[in-house]
Amino acid sequence: MALSTPISSSYLPRLYSQLAAHDAAVDTKSRICLSNASSLLQRCLTYKAGFPSHLERRESYNFKVSASVTADVLTLEVPVKSPIVKGDTWSIHKFGGTCVGTAQRIQNVANIVMEDGSERKLVVVSAMSKVTDMMYDLIEKAQSRDDSYELALDAVYEKHKLTAVELLDGDELASFLSILTRDINNLKAMLRAIYIAGHGTESFSAFVAGHGELWSTQILSAVIRKGGIECTWMDTRDVLIVTPAGSNQVDPDYEESEQRLDNWLLKNPSKVVVATGFIASTPQNIPTTLKRDGSDFSAAIMGALFRARQVIIWTDVNGVYSADPRKVSEAVVLDTLSYQEAWEMSYFGANVLHPRTIIPVMQYDIPIVIRNIFNLSAPGTKICRAPVIEKEEKQKLVAYVKGFATIDNLALVNVEGTGMAGVPGTASAIFAAVKDVGANVIMISQASSEHSVCFAVPEKEVKAVAKALEARFRQALSAGRLSQVAVIPNCSILAAVGQKMASTPGVSATLFNALAKANINVRAIAQGSSEYNITVVIKREDCVRALKAVHSRFYLSKTSIAVGIIGPGLIGATLLNQLRDQSAVLKEKSKTDLRVMGIIGTNKMLLSDTGIDLSNWKELQKEKGEKADLDKFVHHVHGNHFIPNTVLVDCTSSTEVADHYHDWLHTGIHVITPNKKANSGPLDKYLKLRALQRQSFTHYFYEATVGAGLPIMHTLRDLLQTGDKIIRIEGIFSGTLSYIFNSFVDTRSFSEVVMEAKAAGYTEPDPRDDLAGTDVARKVIILARECGLNLELSDIPVQSLVPNPLKETASVDDFMQQLPSFDSDIAAKRQAAEDAGEVLRYVGVVDVRNQKGVVELRKYKKQHPFAQLSGSDNIIAFTTERYNKQSLIVRGPGAGAEVTAGGVFSDLLRLASNLGAPSC
């Protein structure tokens, strides 16, 4: 209300001076009208209120000052507050079709709106779930002269009628049903016209399709009023004005829309407004839509027009994920994203927002919050101006890399030739040809040599692109200036997104290292100078595995490995128990996740998609185990949905299983084993296996093949890699034979000691397998080959301790009964050794200088380290150029399930370290 106050005429110059000073200070314009009745002189100055940015989002004021001079008395009208309120008091909510899909869900939405503590709320609503599709289907049926459009329209009517009846009553229900009936009758008439003409214009389609939003908006506003909250609804076609922008897009006319919004707010000063999403009008007031993701776009535009505090997009997920959770089940919800990060991720297919949704709110720094309507306790993801990364966070690469997204079904087009280098306009001609066929270029990469340009397009468009390029450059191809236009089909794009990550040391290296470790080949690379995106093109079949690999490297543990256990016998079962006891410690201390995805035995196998519970794996195998199938087992473990690295642990002694190692390594599967068959088998297979291992990024570890848990292979490898020359390796490699000869003392018979060792579980079920020396010979051949000797197992002379007459004995029991009759021969050898102050030891020797090996019973002085053993200990002596006068000795338990499983476990940790796990 204007207030009139008499003032002296002498005050007028001072008042004018103060207003002029205010104009200069605030940079504003308003209207000051001065009237001087005595001189009949009237002067007007334009003075329109315009606020600094921090005030602009608050409230609007209109200033009017008038002075009427009659004699010496003036009248002043002081500023009054405008009824148009914008700024931080407004909060924008957007609810999609799923959120309002049923009557119960509409009630839930109303409850959320009513419980929101914001002073003013604008609620943007989509049509009920599937209704927009139903409306477009009506148009299609009518244009096709399909009479069923009438029944389909009746179904639309019934859906909304039943929803209204369930939610409303009294005058509100009667009013809505009256409007619904009127709208349906109008639509029937319009669809009938389309049916007769066999064609409907785009404006007709937009008008028909937009009714779903009109109805859901009116229902929701009525439900809120029923809850005791004053509420009105907005048909955004009266406010939002857009112009076509090509490519099925529109551009908002913000100036015109703001004027219309102000007019609307003057007539409807409600603090709670429910507005239609998706629909708008052209400058000619013709109904149209905002196209793809239109409701999200509506909410963002409204947020900008209202200068709102925030825009909340309600959906059915907890927020924006670090990767597609359908492909990476361990994807995490991101707390925050910058506008640019959200933009990049949405472009590359992440289920975030359409990129255009972000544009309206960016200029006013209005945050967008993605929240889950079905999980109100989840805080969601906030999209806002990029926050400053704290100093301690800068050490973490995840502070720079926010997420990963993929685009499938692409093809890579490569245009190359020496005639391209330094020739202006070549790239322009290439992409002009692509534009002419209407193809969408997803990514471009060009070598600095200008010898080639490659780009990715949707696979369905690549034939037309290739044809257009060949036609455009036919002369250059014929003359040889261009060598080829090549198409590489079946591609996918993987994009890593994060602020300033391209200029952060270590990000790119970590990304490409993770891909290499997962055996993923990169076909093309693009990195924008905006520093928000690193994009690679890979094979489509590798896409999910690549996504899991990079996500695991940045977001999960430092190293995640899918483990398949083959042979859950004594060693395999012990290993599973060790993994059970240690897995939590490994995750916490070294960020290593060893996930057992499958266990296979001779008859049964147990498979899991997320990891087997090792606390009761035996019970699970009995209850849920299926028939053993090694090929299916391998495919399952390697084809899991979230762990990029796979290792198969062969705890059998099977030659058949060992024969698969080469194929597994070739497909990117790491192999760990205590099984000696592969490394001691045919030389050509061994050399082929090792050559593949050296050429690929897959690892093959076999520490436990020689010394169980003793670091024999590791020690030998360190000596060789540091340049030492091996002269001889000599050792007691069999824990069984070590126990037998350590116990074969005084007057004890050889057969008695063998029986004791068998009873204690030191021997194989048939002790002849140990006494024959073949197992020791296999260890000797493994060490010899590691030293570079190309020997076959048959090249190693082996002294068997099984008496010749007993080698063909039918049963183990017969062998054990007849063994005492041969005690005298070996007893005589023991006596001869004792007389010379020596002991008997069964040893294997690798003579590197003479390129040979031998397994035999030898005598050693009682002062020799080999004579100092006890129990089932193993001992190995390395004589090298460095350790020549005194050999390097490795000694310790060489038999038993615990130490052998421990050796295998050690290889698993070594694999994890090679794949990126930090040391503890």
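As a reminder, the structure under discussion sits directly above these lines.
Worth saying up front: this structure is predicted, and the values here are computed from it rather than measured.

Caption draft 1: Highlighting the sheet that holds strand S8 (residues 90–95). Pairing is mixed in the open sheet, where 8 strands are placed in the order S10-S13-S9-S8-S16-S18-S19-S17. Edge positions in the sheet fall to strand S10 (232–234) and strand S17 (336–338), since each has one partner strand and no second. Here the strands of the sheet are splayed against their neighbours by 20° on average, with no regard to which way each runs. The pairing of S8 with strand S9 (residues 120–125) spans 6 bridges and is classified as parallel. Bridge pairing in S9 links His 93 to Val 123. Most of the contacts of helix H10 (residues 294–306) go to S8, to which it runs at about 175°, and overall it touches S8, S9, S10 and strand S16 (310–315).

Caption draft 2: Broad picture of the nonpolar core. Judged by nonpolar contacts, the single largest core of 69 residues is most densely connected at Tyr 661, Trp 664, Ile 729, Ile 740, Phe 741 and Leu 783. The element contributing the most residues to this core is helix H30 (residues 774–786), with 7 residues. Not counting chain neighbours up to four residues away, the residues in contact with Leu 783 comprise Val 706, Ile 712, Met 713, Leu 716, Ile 729, Phe 733 and Val 846.

Caption draft 3: The arrangement of the packing of aromatic side chains in detail. Inspection of the entire model under this criterion finds 13 aromatic pairs. Measuring from ring centre to ring centre gives 5.7 Å for Tyr 149 and Tyr 195, while their planes differ by 40°; the resulting arrangement is tilted. In this pair, Tyr 149 is assigned in helix H5 (residues 149–167) and Tyr 195 in helix H6 (residues 170–197), connecting sequence segments 46 residues apart. Summarising the aromatic geometry, the rings of Phe 741 and Phe 744 are spaced 6.3 Å apart at their centres and angled 75° between planes, so their arrangement reads as edge-to-face. The exposure classification of Phe 741 matches that of Phe 744, with both residues buried. Through successive ring pairs, a cluster of aromatic residues spans Tyr 661, Trp 664, Tyr 700 and Tyr 702. The ring centre of Tyr 702 lies 5.6 Å from the NZ or CZ of Arg 717, which sits over that ring. Here Arg 785 stacks its cationic end above the ring of Tyr 686, 5.1 Å away from the centre of that ring.

Caption draft 4: Looking closely at the environment of Phe 278. The topology assignment puts Phe 278 in the loop between strand S13 (272–276) and strand S14 (279–281). Considering only alpha carbons, one finds Phe 278 and Val 125, 153 residues apart in sequence, at a separation of 8.5 Å. Setting aside residues up to four positions removed in sequence, Phe 278 forms contacts with Thr 132, Tyr 136, Glu 213, Thr 288, Thr 289, Leu 290, Lys 291, Gly 294, Ser 295 and Ser 298.

Caption draft 5: Quick look at the packing of H6 against helix H7 (residues 202–209). Across the interface, H6 lies against H7 with an axial gap of 11 Å and an inter-helix angle of 150°. It follows that H6 is roughly antiparallel to H7 by the angle criterion. When the axes of H6 and H7 are compared, the crossing they make is left-handed. For the pair formed by H6 and H7, the contact residues are Leu 187, Met 190 and Ile 194 on the first element and Phe 204, Phe 207 and Val 208 on the second.

Caption draft 6: Structural context of H30. Taking 1.5 Å of rise per residue, 13 residues should cover 18 Å, and H30 covers 18 Å from first to last C-alpha, within 8% of that figure. With 11 of its 13 residues buried, H30 lies for the most part within the structure. Residues of H30 that are buried: Val 776, Ala 777, Arg 778, Lys 779, Val 780, Ile 781, Ile 782, Leu 783, Ala 784, Arg 785 and Glu 786. Among the residues trailing H30, Gly 788 stands out with phi positive, at a value near 100°.

Thresholds, definitions, all that
Residues numbered from 1 in each chain as written. Predicted model: local features only at pLDDT ≥ 70, side-chain atom pairs only at ≥ 80, totals over all residues. Heavy atoms only, no water. Pairing = 2+ DSSP bridges. Helix = DSSP H or I, 4+ residues; strand = E, 2+ residues; numbered from the N terminus. Axes fitted to C-alpha atoms, helices over the stretch in contact; angles between N-to-C directions. Contact = heavy atoms within 4.5 Å. Core = buried A, V, L, I, M, F, W, Y, C linked by side-chain atoms within 4.5 Å. Buried < 20%, exposed > 50% of the residue type's maximum accessible area, 1.4 Å probe, protein only. Phe/Tyr/Trp six-rings, centres within 6.5 Å; stacked < 30°, edge-to-face > 60°. Lys NZ or Arg CZ within 6 Å of the ring centre and 35° of its normal. Parallel < 35°, antiparallel > 145°, perpendicular 65-115°, else oblique. Left-handed = near helix turned anticlockwise from the far one by under 90°. Expected span 1.5 Å × (residues − 1).

That is the geometry; function is a separate question.
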